[in-house]
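Spelled out, the chains give:
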Amino acid sequence: MNKYISLIKSSFKWKDSEITKDIINRITNNNERFNFSRIVKIYKITFVEAEEIYTYLEQAGFVEAKQKDENKYKNYLKDNEEVGVEINLSKEAEEEFKKYTKVYGETLEGYFYDAIYEYLKENQIDDSLLEYECVQNLIAGLKGDSIKKEELTIARI
């Protein structure tokens, strides 16, 4: 969560930049639309910088902030596993979260469920892969000494 709040805080450093002023001018006067890749392309900046600028634009209300969908994890999890979240944060941390995320309409519960959803989605293993002999051999090689994890690449597989 600190990384998430840090991104939002760091976005405010762009408030007075010439790039941000130009984008705001183009949005308000020309009704132009912007996304990360367009900002990168036009202003020749990094994707991280464009993300920070766009986050500032969301916070300031110049572009519509995408609302988090607290229910998106439900369909994914219904056949997988039960997930429960117990939030144990200090009052200060909770206020900090609310201060920097109110534009997104987020709740702490939604944030944590979203983080769990992303983790499960990225780390879900398709059990049907385990049926293949080549996958079994790969696993056996990794468990043994014939294949070193640090040398394993997609090309080697």
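Every value quoted in this text rests on a predicted model; they were computed, and no experiment measured them.

Trainee: Please provide a residue-by-residue account of the overall build of the protein chain, values included.
Mentor: Scanning the protein chain from N- to C-terminus turns up eight helices and zero strands. Taken from the N to the C terminus, the helices and strands of the protein chain come in the order α-α-α-α-α-α-α-α. Looking at the protein chain as a whole, 29% of its 157 residues qualify as buried. Counting contacts in the protein chain only where the partners sit at least 6 residues apart, residues at least 24 apart contribute 62% of the total.

Trainee: Run through the packing of helix H2 (residues 18–30) against helix H4 (residues 47–60), naming residues and quoting values.
Mentor: At a closest axis distance of 11 Å, the pairing of H2 and H4 adopts a crossing angle of 50°. The orientation of H2 with respect to H4, classified from their angle, is oblique. Considering the relative orientation of H2 and H4, their crossing is right-handed. Residue-level contacts link Ile-19, Thr-20, Ile-23, Ile-24 and Ile-27 of H2 to Ile-53, Tyr-56 and Leu-57 of H4. Among the residues forming the contact of H2 with H4, the class breakdown is seven nonpolar, one polar and no charged.

Trainee: Can you explain H4? Please cite residues and give values.
Mentor: Given a rise of 1.5 Å per residue, 14 residues ought to cover 20 Å, and the 20 Å separating the end C-alpha atoms of H4 matches this to within 8%. Those residues of H4 not exposed but buried are Ala-50, Glu-52, Ile-53, Tyr-54, Thr-55, Tyr-56, Leu-57, Glu-58 and Gln-59. Once H4 finishes, Gly-61 follows within two positions and takes phi at roughly 85°, a positive value.

Trainee: Explain the nonpolar core to me, and be specific about the residues and the numbers.
Mentor: By size, the foremost hydrophobic cluster in this structure holds 15 residues, and its most contacted members are Ile-19, Ile-23, Ile-39, Tyr-43, Ile-45, Ile-53 and Leu-57. Looking at this core, the elements with two or more residues in it are H2, helix H3 (36–43) and H4. It is H4 that provides the largest number of residues to this core, a total of five residues. If we skip the residues at most four places from it in the chain, Leu-57 touches Thr-20, Ile-23, Ile-24, Ile-27, Phe-62 and Val-63.

Trainee: Got a sec to walk through the side chain of Glu-52? Specific residues and values, please.
Mentor: Structurally, the position occupied by Glu-52 is in helix H4. Filtering out sequence-adjacent residues up to four positions away, Glu-52 remains in contact with Leu-7, Ser-10, Ser-11, Lys-13 and Trp-14.

Trainee: Before we move on, could you go through the confidence of the model for the protein chain and cite the residues and values that matter?
Mentor: For the protein chain, per-residue confidence averages 77 on the pLDDT scale, and 71% of positions sit at 70 or higher. Helix H5 (residues 72–78) is the least confidently modelled element of the protein chain, averaging 56 in pLDDT, while H2 averages 95, the highest of any element.

Trainee: Please give an account of unusual backbone geometry that cites residues and values.
Mentor: Non-glycine residue Asn-31 carries a positive phi angle of around 55°. On the secondary structure map, Asn-31 appears in the loop between H2 and H3. The class for Asn-31 is exposed, based on a relative accessible area of 65%. Positioned with a positive phi, Lys-44 is a non-glycine residue whose angle comes to about 55°.

Trainee: Pulling in residues and values, what's your account of the pattern of salt bridges?
Mentor: Under the definition given, this model contains five salt bridges. Linking Lys-13 and Glu-52 is a salt bridge whose minimum nitrogen-to-oxygen distance equals 3.4 Å. With a gap of 39 residues between them, Lys-13 in the loop between helix H1 (2–11) and H2 and Glu-52 in helix H4 connect regions that are remote in the sequence. A residue is classified by how much of its surface remains accessible, and Glu-52, at 9% relative accessible area, is buried. Here Arg-26 ties to Asp-22 by a salt bridge, and the two come within 3.6 Å at their closest N and O atoms. Taken together, the positions of Arg-26 and Asp-22, both in helix H2 and four residues apart, correspond to about one turn of that helix.

The rules we used
Residues numbered from 1 in each chain as written. Predicted model: local features only at pLDDT ≥ 70, side-chain atom pairs only at ≥ 80, totals over all residues. Heavy atoms only, no water. Helix = DSSP H or I, 4+ residues; strand = E, 2+ residues; numbered from the N terminus. Buried < 20%, exposed > 50% of the residue type's maximum accessible area, 1.4 Å probe, protein only. Contact = heavy atoms within 4.5 Å. Axes fitted to C-alpha atoms, helices over the stretch in contact; angles between N-to-C directions. Parallel < 35°, antiparallel > 145°, perpendicular 65-115°, else oblique. Left-handed = near helix turned anticlockwise from the far one by under 90°. Nonpolar A, V, L, I, M, F, W, Y, C, P; charged D, E, K, R; others polar. Expected span 1.5 Å × (residues − 1). Core = buried A, V, L, I, M, F, W, Y, C linked by side-chain atoms within 4.5 Å. pLDDT = per-residue confidence, 0-100. Salt bridge = Lys/Arg side-chain N within 4 Å of Asp/Glu carboxyl O.

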